[in-house]
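# Structure assessment
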Amino acid sequence: MHCPREVVAGKATSLRFLLFDLDETLYPTDTGMFEEIGALIHRYLEERLGIPREEVPRLRRAYYERYGTTLRGLQLHHQVDPDDYLAFVHDVDVTRYLRPNPALDTVLATLPQEKVLFTNASQEYALRVLDALGVRRHFRRIFDIRALGYHCKPDPLAYQIVLEALEAEGPECLLIEDTVRNLRVGHELGMHTLLVGKAPEAQDGVDFWVPDILELPRVVTALRRR
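Report follows, based on the coordinates.

Across its full length, the chain carries nine helices and six strands. By residue count, 53% of the 226 residues in the chain fall in the buried class. For the chain, restricting intrachain contacts to residue pairs at least 6 apart in sequence, the fraction spanning at least 24 positions comes to 66%. With an accessible surface of roughly 10600 Å², the chain has 49% of that area assigned to carbon and sulfur atoms.

What follows is the structure, encoded as structure tokens:
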């Protein structure tokens, strides 16, 4: 068994909100779905924008590293219609990759904190994923890319939008992510942070790590004991 690994301590806690990332956080990284979405992003740049095939990987990488998503770079530099882009790249049958997860449903039901989805994806896609996993009932609030004003993680403004809408302070939130760089910003804003999936190479910004989202209750329990 893997125990939650606490890396950074010292934050006073009255935990009110669990802020969940969506892709490869609520479901494993090996489903293959994100690879299909990546292929659709590649096609969009090539077919809709006329970017040469050999240039697409470099451009995607540059925009992801600078802005957090390919979309944000395309909006700023290519005047792309975000709704057209989101509809194209999320045109995926999620039920080919995801199945209801009764264990996850049970885990979420045991946690009294409000569950909030905080994602760079669209709400339409997010709801399809939640439905496929059988856990939609737990998420009353979804902050998707539109709700964030297209300011995506790790842009600090995206986190501020969520905190202000929830009327929350950073230490009242546990940010749950599969990406360390997205956790670092939350950590700087005072949030508790949990990395799900592969163990971090660098510990900066990561308070807890678990290999599977089903271990979340033990992290919440550890925070309550502080």
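On to the sheet that holds strand β3 (residues 139-143). Pairing is parallel across the open sheet formed by six strands, whose spatial order is β3-β2-β1-β4-β5-β6. This sheet does not close on itself; its edge strands, each paired only once, are β3 and β6 (208-210). Neighbour-to-neighbour, the strand axes of the sheet open up by a mean angle of 25 degrees, direction not taken into account. Relative to β3, strand β2 (residues 114-118) runs parallel, the two sharing four bridges. Each residue of the ladder has a partner; that of Leu117, found in β3, is Ile142.

What follows is about the packing of aromatic side chains. The relative placement of two aromatic rings is captured by the distance of their centres and the angle of their planes. Applying the stated criterion across every chain yields a total of five aromatic pairs. Between the aromatic rings of Tyr44 and Tyr85, the centroid separation amounts to 5.1 Å while the plane-to-plane angle is 80 degrees, which identifies the pairing as edge-to-face. Of the two residues, Tyr44 sits in helix α1 (residues 33-48) while Tyr85 sits in helix α4 (residues 82-89), which places them 41 residues apart along the sequence. Overall, the relative accessible area of 4% leaves Tyr85 in the buried class. Centroid distance Tyr44 to Phe88: 5.3 Å. Interplanar angle 70 degrees. Geometry classified as edge-to-face. On the criterion of sequence distance, the pair formed by Tyr44 in helix α1 and Phe88 in helix α4 is long-range, its members being 44 residues apart. Residue Tyr44 shares its accessibility class with Phe88, and that shared class is buried.

In the contact formed by α1 and α4, the axes pass within 8 Å of each other and the chain directions differ by 135 degrees. Here α4 runs oblique to α1, going by the angle between their axes. Of the two elements, α1 crosses α4, and the hand of that crossing is right-handed. Note on element contacts: α4 touches α1 through Asp84, Tyr85, Phe88 and Val89, opposite Ile37, Leu40, Ile41, Arg43, Tyr44, Glu47 and Arg48. Classifying every residue of the contact of α1 with α4 gives seven nonpolar, no polar and four charged.

As a packed pair, helix α2 (residues 56-67) and helix α3 (residues 70-78) sit with axes 7 Å apart at the nearest point and diverge in direction by 100 degrees. On the basis of the axis angle, α2 is roughly perpendicular to α3. Where α2 abuts α3, its residues Leu59, Arg60, Tyr63, Arg66 and Tyr67 lie against Thr70, Arg72, Gly73, Leu74, Leu76, His77 and His78. In terms of residue class, the contact of α2 with α3 is built from five nonpolar, four polar and three charged.

Every buried residue of α3 is listed here: Thr70, Leu71, Arg72, Gly73, Leu74 and Gln75. Elements in contact with the buried residues of α3: α1, α2 and α4. Two residues or fewer past α3, Gln79 is found with a positive phi of approximately 55 degrees.

The subject of this paragraph is the pattern of salt bridges. The final tally for this structure, using the stated rule, is 15 salt bridges. In this structure, Arg16 and Glu172 form a salt bridge, with 3.2 Å as the shortest nitrogen-oxygen distance. Of this pair, Arg16 sits in the segment before β1 (17-20) while Glu172 is found in the loop between α7 (156-166) and β4 (173-177), placing the two residues 156 residues apart along the sequence. Look at Arg16 and you get partly exposed, because its relative accessible area is 34%. A cluster of three or more residues bridged by salt bridges with shared partners is formed by Asp83, Glu124, Asp144 and Arg146.

This part covers the layout of surface pockets. Using a probe with the size of a water molecule, rolled over the atoms, empty space left in the structure can be pinpointed. In this structure, the largest pocket spans a volume of roughly 750 Å³. Lining the largest pocket are 30 residues; nearest its centre among them are Phe34, Tyr64, Gly68, Thr69 and Asn120. At the level of secondary structure, the elements contributing two or more residues to the lining of the largest pocket comprise α1, α2, α3, α4 and α8 (180-188). For the lining of the largest pocket, the residue count by class is 12 nonpolar, nine polar and nine charged. Approximately 190 Å³ is the volume found for the second largest pocket. In terms of residue class, the lining of the second largest pocket is made up of eight nonpolar, four polar and three charged.

So, how was this worked out
- Residues numbered from 1 in each chain as written.
- Predicted model: local features only at pLDDT ≥ 70, side-chain atom pairs only at ≥ 80, totals over all residues.
- Heavy atoms only, no water.
- Helix = DSSP H or I, 4+ residues; strand = E, 2+ residues; numbered from the N terminus.
- Buried < 20%, exposed > 50% of the residue type's maximum accessible area, 1.4 Å probe, protein only.
- Contact = heavy atoms within 4.5 Å.
- Areas by Shrake-Rupley, 256 points an atom, 1.4 Å probe, with all protein chains shown as cover.
- Pairing = 2+ DSSP bridges.
- Axes fitted to C-alpha atoms, helices over the stretch in contact; angles between N-to-C directions.
- Phe/Tyr/Trp six-rings, centres within 6.5 Å; stacked < 30°, edge-to-face > 60°.
- Parallel < 35°, antiparallel > 145°, perpendicular 65-115°, else oblique.
- Left-handed = near helix turned anticlockwise from the far one by under 90°.
- Nonpolar A, V, L, I, M, F, W, Y, C, P; charged D, E, K, R; others polar.
- Salt bridge = Lys/Arg side-chain N within 4 Å of Asp/Glu carboxyl O.
- 1 Å grid on protein atoms, 1.4 Å probe; cavity = no way out; pocket = protein on both sides within 12 Å on 5 of 7 lines; lining within 4 Å.
- Points joined across faces, edges and corners; volume = space filled by probe spheres on them.

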